[in-house]
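Chains, contacts and geometry: an overview
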Amino acid sequence: MTSSAGRPRVRMTGAQRRQQLLDIGRELFGQKGYEATSIEEVAARADVSKPVVYEHFGGKEGLYAVVVDREMQLLLDRFTSALSAPGSPRELLERAALVLLDYIEDDTDGFRVLTRDSPVTSGTGTFSSLIGEVARKVEHILGDQFAGRGYDPQLAELYSQALVGMVALVGQWWLDTRSPGKREVAAHLVNLAYNGLSHLDPTPGLVEKSS
């Protein structure tokens, strides 16, 4: 069998075809966004008919949902691995920052998928929900540190959200600037986070009094 362009069509197993469509979808969603990507373009890139894409994913939203879930799991696994290995609090912060920056550098399309627009009706996870998952993994580490330093361990949840959110937001900025370099960015993030944590006031208050 040949394609419309006259090239021999590559025969694939169902699993191979599904993986091919996921890879193409990841690239297109990352580079163009959800709205600008069409099933027609996905099918054309894969050299298959549109019904083949529908057979595997039910439509564009189904394909998008699987791409997002796969990317979220990939990044979450990397964070889990980095934060599960033994190390000092500073080393764990460095690893967390570098995991995200490495992912942005090596899997740019995947990161863009997680941070770009998504269908309003989509039931898939979002970048904010992924950040929440990572923050929960950081929370128990901070909780132990807080308890050992005389701070309220219940505040670890707040601080973990702040720390991970800071890294994620800087990562989104660095996605387009790519300057300064990855390790320098990580060093500055850790400098702010670690030195800030090292000098926490156990009972902070605002300088400006409320009216």
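Residues numbered from 1 in each chain as written. Predicted model: local features only at pLDDT ≥ 70, side-chain atom pairs only at ≥ 80, totals over all residues. Heavy atoms only, no water.

**What about the packing of helix 4 (residues 60-84) against helix 7 (residues 127-149)?**
Heads up, the rule is: Every axis corresponds to a line fitted to the C-alpha atoms, with the helix fit spanning only the stretch in contact, and the corresponding angles, defined between N-to-C directions, vary from 0 to 180 degrees. Strands here are runs of E lasting at least two residues and helices are runs of H or I lasting at least four, both read from the DSSP assignment and numbered beginning at the N terminus. Angular relationships are summarised with four words: roughly parallel below 35 degrees, roughly antiparallel beyond 145, roughly perpendicular across 65 to 115, and oblique for the angles in between. Whether two residues touch is decided by their heavy atoms; if any such pair falls within 4.5 Å, the residues are in contact. The residue classification treats Ala, Val, Leu, Ile, Met, Phe, Trp, Tyr, Cys and Pro as nonpolar and Asp, Glu, Lys and Arg as charged. All others, Gly included, are polar.
Look at helix 4 against helix 7: their axes get within 10 Å of each other, and the N-to-C directions meet at 10°. Considered as vectors, helix 4 and helix 7 are oriented roughly parallel to each other. For the pair helix 4 and helix 7, contact is made by M72, L75, L76, F79, T80 and L83 and by S129, L130, E133, V134, K137, V138 and I141, respectively. Considering only residue class, the contact of helix 4 with helix 7 consists of nine nonpolar, two polar and two charged.

**What about the UniProt feature "domain: HTH tetR-type" (unreviewed entry) in the chain?**
Worth spelling out the cut-off: UniProt positions are given in the numbering used here, feature names are shortened, and annotations may be inferred rather than shown by experiment.
Feature annotation in UniProt assigns "domain: HTH tetR-type" (unreviewed entry) to the following positions: residues 15-75. Helix makes up 82% of residues 15-75 and strand makes up 0%, while its end C-alpha atoms are separated by 22 Å.

**Observations concerning helix 6 (residues 108-115)**
The condition that has to hold: Working definition: with a 1.4 Å probe on protein chains only, accessible area under 20% of the residue-type maximum means buried, over 50% means exposed, and in between means partly exposed.
Residues of helix 6 that are buried include every one of D109, G110, F111, V113 and L114, and no others. Check the buried side of helix 6 and you find it contacts helix 1 (14-32), helix 4, helix 5 (89-106), helix 7 and helix 8 (156-177).

**Notes on the nonpolar core**
Proteins that are soluble and globular tend to have nonpolar side chains buried together. Put simply, the rule reads: As used here, the term nonpolar core means buried Ala, Val, Leu, Ile, Met, Phe, Trp, Tyr and Cys residues forming a set that is joined through side-chain atoms within 4.5 Å.
In this structure, V53, L75, L100 and L114 are the most contacted members of the largest nonpolar core, which totals 60 residues. Those residues in contact with L75 that sit more than four places away from it in its chain are V99, L100, Y103, L114 and L130.

**Re empty space enclosed by the protein**
What counts is decided by this rule: Cavities and pockets are defined on a 1 Å grid built over the protein atoms alone: a cavity is a set of grid points where a 1.4 Å probe fits but cannot escape, while a pocket is an open set with protein on both sides within 12 Å along at least five of seven lines, and lining residues are those with an atom within 4 Å of any such point. Grid points are joined across faces, edges and corners, and a volume is the space filled by probe spheres set on the points.
Under the counting rule described, the total for this entry stands at two cavities of 30 Å³ or more. The calculated volume of the largest cavity comes to roughly 340 Å³. Lining the largest cavity we find 29 residues, and of these L93, V138, L142, L163 and L197 sit closest to its centre. Top element by residues in the lining of the largest cavity is helix 7. It accounts for eight residues. Tallied by class, the residues present in the lining of the largest cavity amount to 26 nonpolar, two polar and one charged. Considered as a void within the structure, the second largest cavity measures approximately 60 Å³ in volume. For the second largest cavity, the full set of lining residues is F146, Y151, D152, L155, Y159, L200, D201, P202 and P204. Considering only residue class, the lining of the second largest cavity consists of seven nonpolar, no polar and two charged.

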